[in-house]
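Observations on chain architecture
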Number of protein chains: 2
Amino acid sequence: MDEKPYHHGDLKRALVDAGIALLEEAGPQGLSLRAIAARVGVSHAAPRRHFDGVLGLKTAIAAEGFRRHAAFMRDGLPAQTGRGDRRFAAMIGYVRFAQAHPHLFTLMFSTRDADFADPELQRAGAESYGVLSDIAAGLEPLYGDAPDARRRAETFLWSVVHGYSQLALTGLLHTDAHGTPLHRIEDVMPPIGTAAGDN
Amino acid sequence: MDEKPYHHGDLKRALVDAGIALLEEAGPQGLSLRAIAARVGVSHAAPRRHFDGVLGLKTAIAAEGFRRHAAFMRDGLPAQTGRGDRRFAAMIGYVRFAQAHPHLFTLMFSTRDADFADPELQRAGAESYGVLSDIAAGLEPLYGDAPDARRRAETFLWSVVHGYSQLALTGLLHTDAHGTPLHRIEDVMPPIGTAAGDN
DNA sequence: GCGCCTATGTTTCCGGCGTCAACTTTTTTG
DNA sequence: CAAAAAAGTTGACGCCGGAAACATAGGCGC
C-alpha cells in the first residue's frame, strides 16, 4: 500500500493497467474512459478523482509505456558485449517494443492522446531517452569538432530508430506475405561508426 | 466541372478541402464528420454518399496530403545541383512539410485515421515515396553487394527523415525557447555518402 | 414532355462518448 | 463521536458517427 486510496485500494494504478490491457486488446478505438472504468468495475465518473479527464488518464498510460519501454531496452542490453553490439541491441529493443505493443507505442508519441507538458510523462520519457543517449555516445566522433556533437548523435540515432519503428507499424515498409518488414533495422543501418574501428 | 454531381457541384472534393482547412485551424480534435459537413453547408449525413464513413473521408484527406507532400518535395528540388545537395533538399522538404502542416502530416501516418489498404491512398503514398526513392539511389553503394541495397538505402533514408519529422512535431527534440529544434536534419545526418566522393 | 429511376442530400433517431453538478458513502481527524 | 475531507455514484448535457426513412433533382426511355 504505497498510497492509500479509500475505497478501491489503488484505483489510479488499476485504471492505468486496465487502460494498457484494453489498449492491447481493443486498440485505440476501444480505449474510452468509460470502457476503462467499466473494466475496473467503477463508475465512469470515478477516474476524474485521479486524473484530469481522459487526456490525463491517457497521459498516465503513456508515461507507464515509457517506463516499460526503457526497461525493455535495458533488459536487452547486458548480454551483448562490444560497443557496436550494444548499440544494435538497444536499437533492436526499441523496434521490438514498438512491434510488441504497437498501440501503446503509438499512444506514447501522440500529442493527441498525451500531454507532453505533464511532469510525470517527461520524467518517464527522459528515462527512455537515457538508454538511447548512452549508446549514441559511440557515434559522437562522426560529427568531428561540430558543436553539440553528442546531441546530434543522439538525435540522429533516435530519428532512425523511431522512424523505422513507426513506418514498420504503419505497414509502409517493404514486407513479406505476413506483413513482417523485409529488412530489419540492423540491415538498414549503413556501416557507420562500426566500420572504422568501433568497440 | 470534371465530375458532375447533381446538387452541390463537387461535394467530394469540397469535403476533402474543408477537412484539410478545418484540420489546420482546429487540429485533430476539431476534425469531425459533422464539422466538415457543416463547413461545406451540407447535412452531416451527406458525406456518406461519397465516403465510407468518417474513416473513408479521413483516408481521402490523407491521400490528398500525400499528393501535396510529394509536390512540396519536388518543388524544392530543381534549384539544387549536386547529388548530395539534391538529397538534402528533398529531406529538408520532407521535414518542412511536416512542420508547415503538422496535423495533416500526423493524419497521413495514422492507422487510426486512415485506411492504408485504400487504393487511392496507396497511389498517393507511392507518389511521395518515389521522390525519396530517387534521392536514396546515391546511398546505394553504402550497402556494398548486399541484396536489396537500393531498398535498404530507401528504408534508411525514409526512417531518418520520418523519425526526425515526427520527433520534431511532438516537441521531443532539443529546442530553443520558441520550440524550434536546435539541430536541423542536415546537422544531424552523419557524413555518409557525401564524404567519400558523391556527386 | 412525361414518367420512371437513380443519384444526391435531409431528417430523425439511436447508442456511445467525455464532462459536469449534485448526491452518497467511506475514511480520516481532532 | 462529530465534522470534514476524500472517493465513488447517478443522472443530465451536448457532441459524435451511423443508420433508416424520406425528399429532391437531374437523366433517360419513350
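Here the residue index of a chain counts from 1 through its sequence in written order. Throughout, the order in which chains and ligands are written sets their labels, letters from A for the former and numbers from 1 for the latter. For a predicted model such as this one, the threshold for reporting local features is a pLDDT of at least 70, and the threshold for listing and counting side-chain atom pairs is 80 or more; totals across whole chains, interfaces and linings nevertheless cover every residue. With hydrogens and water set aside, each side-chain value is computed from the structure's full complement of heavy atoms.

**Points about the layout of surface pockets**
Of the two site types, the cavity is a set of points on a 1 Å grid over the protein atoms alone where a 1.4 Å probe fits but cannot get out, and the pocket is an open set with protein on both sides within 12 Å along at least five of seven lines, each lined by residues with an atom within 4 Å of a point. Grid points are joined across faces, edges and corners, and a volume is the space filled by probe spheres set on the points. Approximately 790 Å³ is the volume attributed to the largest pocket. Around the largest pocket sit 34 residues that line it, and Thr106 and Ser110 of chain A together with Thr106, Ser110 and Gln166 of chain B are the ones nearest its centre. Labels follow the DSSP assignment, with helices taken as runs of H or I lasting at least four residues and strands as runs of E lasting at least two, numbered in each case from the N terminus. Breaking the lining of the largest pocket down by element, the ones donating at least two residues are α1 (11-30), α5 (102-108) and α7 (149-170) of chain A together with α1 (11-30), α5 (102-108) and α7 (149-170) of chain B. When the residues that make up the lining of the largest pocket are grouped by side-chain class, the tally is 15 nonpolar, 14 polar and 5 charged. Ten residues, namely Ala, Val, Leu, Ile, Met, Phe, Trp, Tyr, Cys and Pro, are considered nonpolar, four, namely Asp, Glu, Lys and Arg, are considered charged, and the remaining ones, Gly among them, are considered polar.

**Some points on the protein's contact with DNA strand D**
A molecule or strand has a residue near it when one of that residue's heavy atoms lies within 4 Å. Residues in contact with DNA strand D amount to 21 residues; listed here are only the nearest, Ser43, Arg49 and His50 of chain A together with Arg34 and His44 of chain B. Protein-proximal atoms of DNA strand D, defined as those within 4 Å of the protein, fall in sugar or phosphate at a share of 59%. N or O atoms closer than or at 3.5 Å make up a polar contact, with two conditions inside protein: a donor-capable atom paired with an acceptor-capable one, and, for residues adjacent in sequence, both atoms drawn from side chains. Taking Arg34 of chain B, its side chain carries an N or O atom lying 2.3 Å from a base nitrogen of DNA strand D. Within the backbone of Val54 of chain B, an N or O atom sits 3.0 Å from a phosphate oxygen of DNA strand D. Those elements giving two or more residues to the surface near DNA strand D turn out to be α2 (33-40) and α3 (53-75) of chain B.

**Description of the pattern of salt bridges**
Every case where a carboxyl oxygen of Asp or Glu lies within 4 Å of a side-chain nitrogen of Lys or Arg is listed as a salt bridge. For the structure shown, the criterion picks out 22 salt bridges over all chains. Arg39 of chain A serves as the salt-bridge partner of Glu25 of chain A, at 2.5 Å between the closest nitrogen and oxygen. With Glu25 of chain A in helix α1 and Arg39 of chain A in helix α2 (residues 33-40), this pair connects stretches of sequence that are 14 residues apart. When a residue's accessible area, from a 1.4 Å probe over protein chains only, is under 20% of the maximum for its type it is buried; when over 50% it is exposed; and in between it is partly exposed. We classify Glu25 of chain A as exposed; its relative accessible area is 58%. Here Arg39 of chain A falls in the partly exposed class, since its relative accessible area comes to 39%. With its nearest N and O atoms 3.4 Å apart, the salt bridge here joins Glu154 of chain B to Arg150 of chain B. With Glu154 of chain B and Arg150 of chain B both in helix α7 and 4 residues apart, this pair spans about one turn of that helix. Salt bridges sharing common partners tie together Asp17, Glu64, Arg67, Arg68 and Glu120 of chain A.

**Some remarks on the protein's contact with DNA strand C**
Within the structure, DNA strand C sits among 22 residues, and Arg34 and Arg48 of chain A together with Ser43, Arg49 and His50 of chain B are positioned closest to it. Of all DNA strand C atoms lying within 4 Å of any protein atom, the proportion belonging to sugar or phosphate reaches 64%. With respect to DNA strand C, the side chain of Ser32 of chain A contributes an N or O atom lying 3.2 Å from a phosphate oxygen. Within the side chain of His50 of chain B, an N or O atom sits 2.7 Å from a phosphate oxygen of DNA strand C. Among the secondary structure elements, those contributing two or more residues to the surface near DNA strand C are α2 and α3 (53-76) of chain A. Looking at the surface near DNA strand C residue by residue, the classes come out as 9 nonpolar, 9 polar and 4 charged.

**Notes on the packing of aromatic side chains**
One pair of aromatic rings is described through two measures. These are the centre distance and the angle between the planes. Residues and elements named next belong to chain A. Within 6.5 Å between ring centres, the rings of Phe, Tyr and Trp (the latter by its six-membered ring) count as paired, and their orientation is classed by plane angle as stacked under 30 degrees, edge-to-face over 60, tilted in between. All chains considered together, the criterion is met by 11 aromatic pairs over all chains. Consider the rings of Phe105 and Phe109, whose centres lie 5.1 Å apart with planes at 50°: the pair is tilted. One aromatic cluster is present, formed by Phe66, Tyr94, Phe105 and Phe109 through successive ring pairs.

**Comments concerning the packing of α3 of chain B against helix α6 (residues 119-136) of chain B**
Residue and element names in this part refer to chain B. Each axis is a line fitted through C-alpha atoms, taken for helices only over the stretch in contact, and angles between the N-to-C directions span 0 to 180 degrees. Where α3 contacts α6, the axes come no closer than 8 Å and their chain directions differ by 20°. If you check the angle between α3 and α6, you find them roughly parallel. Judged by the twist between their axes, the crossing of α3 over α6 is left-handed. Here Thr59, Ala62, Ala63, Phe66, Arg67, His69, Ala70, Met73 and Arg74 of α3 come into contact with α6, specifically with Glu120, Leu121, Ala124, Gly125, Glu127, Ser128 and Val131. Roughly parallel covers angles under 35 degrees, roughly antiparallel covers those over 145, roughly perpendicular covers 65 to 115, and oblique covers all other angles. It is the rotation of the near helix from the far one that decides the hand of a crossing: anticlockwise by less than a right angle makes it left-handed, clockwise makes it right-handed. Should any heavy atoms of two residues lie within 4.5 Å, those residues are considered in contact.

**Looking at the side chain of Thr59 of chain A**
Residues and elements named next belong to chain A. Residue placement: Thr59 occurs in helix α3. A distance of 2.9 Å separates a polar side-chain atom of Thr59 from the backbone nitrogen of Asp115. Those residues in contact with Thr59 that sit more than four places away from it in its chain are Asp113, Ala114, Asp115, Asp118 and Leu121.

**Quick notes on the interface of chain B and chain A**
Across the contact, 38 residues belong to chain B and 37 residues belong to chain A. For the pair chain B and chain A, the summed buried area comes to about 3700 Å², and 65% of that belongs to carbon and sulfur atoms. The three residues of chain B that bury the most area against chain A are Arg112, His174 and His183 of chain B, which together make up 18% of that side's buried surface. In this structure, the connection of chain B to chain A is made through 2 salt bridges. Salt-bridge contacts for Arg112 of chain B lead to Asp113 of chain A; the nearest nitrogen and oxygen are separated by 2.8 Å. Seen at the junction of chain B and chain A, the total is 13 residue pairs in polar contact (both at pLDDT 80 or more). Those elements that place two or more of their residues in the side of chain B that touches chain A are α1, α7 and α8 (185-188) of chain B. Examining the composition of the side of chain B that touches chain A, we find that 14 residues originate from one element, α7 of chain B, more than from any other. Taken together, the residues that form the side of chain B that touches chain A break down as 19 nonpolar, 11 polar and 8 charged. Throughout, the accessible surface (probe 1.4 Å) given up by two parts as they are put together, summed over both, is called the buried area.

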